[in-house]
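# Examining the three-dimensional arrangement
The chain contents come next:
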Amino acid sequence: MNFIRFSDLCASGKAAGQRVFIRADLNVPQDGSGAITEDTRIRASIPCLQMALDAGAAVMVTSHLGRPVEGEFKPADSLAPVAKRLGELMKREIALIAQWVDGVDVQPGQLVLLENCRLNPGEKKNNEALARKMAALCDIFVHDAFGTAHRAEASTYGIAQYAKVASAGPLLAAEMDAISTALSKPRRPLVAIVAGSKVSTKLTILKSLASNVDQLIVGGGIANTFMLAAGLKIGKSLAEADLLPEARAVIEAMKARGAAVPIPTDVVTAKAFAADAPATVKAATDVEDDDLILDIGPETTARLAAQLKAAGTIVWNGPVGVFEFDAFSRGTEGIARAIAESSAFSIAGGGDTLAAIAKYGIEKQVGYISTGGGAFLEVLEGKTLPAFEILQKRAAG
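Here's what I pulled together on the structure shown here. (Residues numbered from 1 in each chain as written. Predicted model: local features only at pLDDT ≥ 70, side-chain atom pairs only at ≥ 80, totals over all residues. Heavy atoms only, no water.)

## Brief notes about the pairing of strand E4 (residues 111-114)
Remark: a regular strand shows side chains that alternate across the two faces of the sheet. Put simply, the test is: The cut-offs for exposure are 20% and 50% of the maximum accessible area for each residue type, with area from a 1.4 Å probe on protein chains only; residues under the lower value are buried, those over the upper are exposed, and the others partly exposed. Only runs of H or I of at least four residues qualify as helices and only runs of E of at least two qualify as strands under DSSP, and these elements are numbered from the N terminus. Two strands qualify as a pair provided DSSP detects at least 2 bridges between them.
Of the two faces of E4, the one holding Leu111 and Leu113 and the one holding Val112 and Leu114 are both buried throughout. Pairing of strand E2 (residues 58-62) with E4 involves 4 bridges; the strand directions are parallel. Residue pairing in the sheet places valine 59 in a bridge with leucine 111 of E4. Pairing geometry for strand E3 (residues 95-97) and E4, over 3 bridges, is parallel. Across the sheet, residue alanine 95 finds its bridge partner in E4, namely valine 112.

Next comes the structure, spelled out in structure tokens:
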């Protein structure tokens, strides 16, 4: 992907004395009193802010927080707690500016936080007048919020359209690089793991990947639907019988390309969905009518692990079993350890996937961990994210 990197602008002195507008993702969780309970996103945004300050820029940063009603300010929607925490972490006073759309007074070496951008009427619908006003505030726009990259809003897309210069901050650039490495020019074999409770929520992803990957590993309720499509019994396991034609179509599409959807040959079952339910390993052909399939079995895990260790590129979205229950976590752990040991470039995303990575302590062994949630899923669906599109268009310019 060809785009302007903010780091390059800073390194070449082009940010010195310039007004820099950074769209960050500072949407952090808060408790009932408004206190921040987890500040990872704030910490992750600091390198971009510090880079701009070190380059001698006058720095403005904004973010959304929660789901405010446009034009209707409520104290709960304010970025005030974020300004306080950001100031503590950066060891500097950070002013919070309200009503900033018509002008901001900020000098080189200063950093100000602009109040919740989703309070501005027209933000979500990418109102042109609003976007042009935002663009007029700066000499350089920096998009550094991958979690919003799939939304064409005034502070993510419109401003990039009209600003003098539109660039990608270090967080967004890293996502763009990782996605390009994994999907645009992957080292083969390319193996994708797509797991979750429902085929319906991941159907477009499965169809998109089926035309590109060499192995498509399915897990969770999705695997149950594919087992059913392959003629196996799944007892009372979670599945979507109405989507069997789609599952078969994915299997056939892969087969036509000489690729495969590996169907489990053994599974771990229980009679009830509970952490203390006795777990039984059995052949996939021996599932009984009152069985619940809650994990892949050791034989299947070993076979998939061998494929992952031999892969050139791995894309991982979703645990393959109910890994929150120890008795049904072996499959997901086996997959996680295989990815950690593989020499493949690996990119992982999705909330449950990040939880599994944290549980097994393999953060340093995964090539890239995407924090984008919905944006990551849309990339897997084969969609071009609005943020990527406009930044590439401006770079081509």
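## Points about the environment of glycine 331
Heads up, the condition is: Contacts are residue-level and defined by heavy atoms, with any inter-residue pair within 4.5 Å sufficient.
Checked against the element boundaries, glycine 331 lands in helix H11 (residues 330-341). For glycine 331, a relative accessible area of 0% gives the class buried. Beyond its immediate stretch of four places on either side in the chain, glycine 331 contacts Asp295, Ile296, Thr301 and Val320.

## Let's talk about the packing of helix H2 (residues 40-54) against helix H3 (residues 80-90)
For clarity, the cut-off: Convention adopted: a line fitted to C-alpha atoms gives each axis, helices being fitted over their contacting stretch, and angles between N-to-C directions are expressed from 0 to 180 degrees. Orientation is classified from the angle alone, with under 35 degrees giving roughly parallel, over 145 giving roughly antiparallel, 65 to 115 giving roughly perpendicular, and any other angle giving oblique. Helix crossings get a hand from a simple test, with the near helix turned counterclockwise from the far one by less than a right angle marking a left-handed crossing and a clockwise turn marking a right-handed one.
Where H2 contacts H3, the axes come no closer than 11 Å and their chain directions differ by 65 degrees. In terms of orientation, H2 lies roughly perpendicular with respect to H3. Two packed elements cross with a definite hand, and for H2 against H3 that hand is right-handed. Residue-level contacts link Ile42, Arg43, Ile46, Leu49, Gln50 and Leu53 of H2 to Val82, Arg85, Leu86, Leu89 and Met90 of H3.

## Describing the side chain of aspartate 139
Put simply, the rule is: Side-chain atoms alone can form a polar contact between residues adjacent in sequence; in general such a contact is a pair of N or O atoms within 3.5 Å, and within protein one must be able to donate a hydrogen while the other accepts it.
Inspection of the secondary structure assignment puts aspartate 139 in the loop between helix H4 (128-136) and strand E5 (140-143). Separated by 3.0 Å, the side chains of aspartate 139 and lysine 164 make a polar contact. Ignoring any residue separated from it by four or fewer positions in sequence, one finds aspartate 139 in contact with Gln18, Arg19, Lys164 and Val165.

## Observations concerning the sheet that holds strand E9 (residues 266-270)
In spatial order, the strands read E10-E9-E11; together these 3 strands make up an open sheet with antiparallel pairing. Sheet topology places strand E10 (280-283) and strand E11 (292-296) at the edges, where each strand pairs with a single neighbour. On average, adjacent strands in this sheet sit at an angle of 45 degrees to one another, irrespective of strand direction. Pairing geometry for E9 and E11, over 4 bridges, is antiparallel. Within the sheet, the bridge partner assigned to valine 268 lies in E11 and is aspartate 295. Along the sheet, helix H10 (residues 298-309) makes contact with E9, E10 and E11, crossing E11 at roughly 35 degrees.

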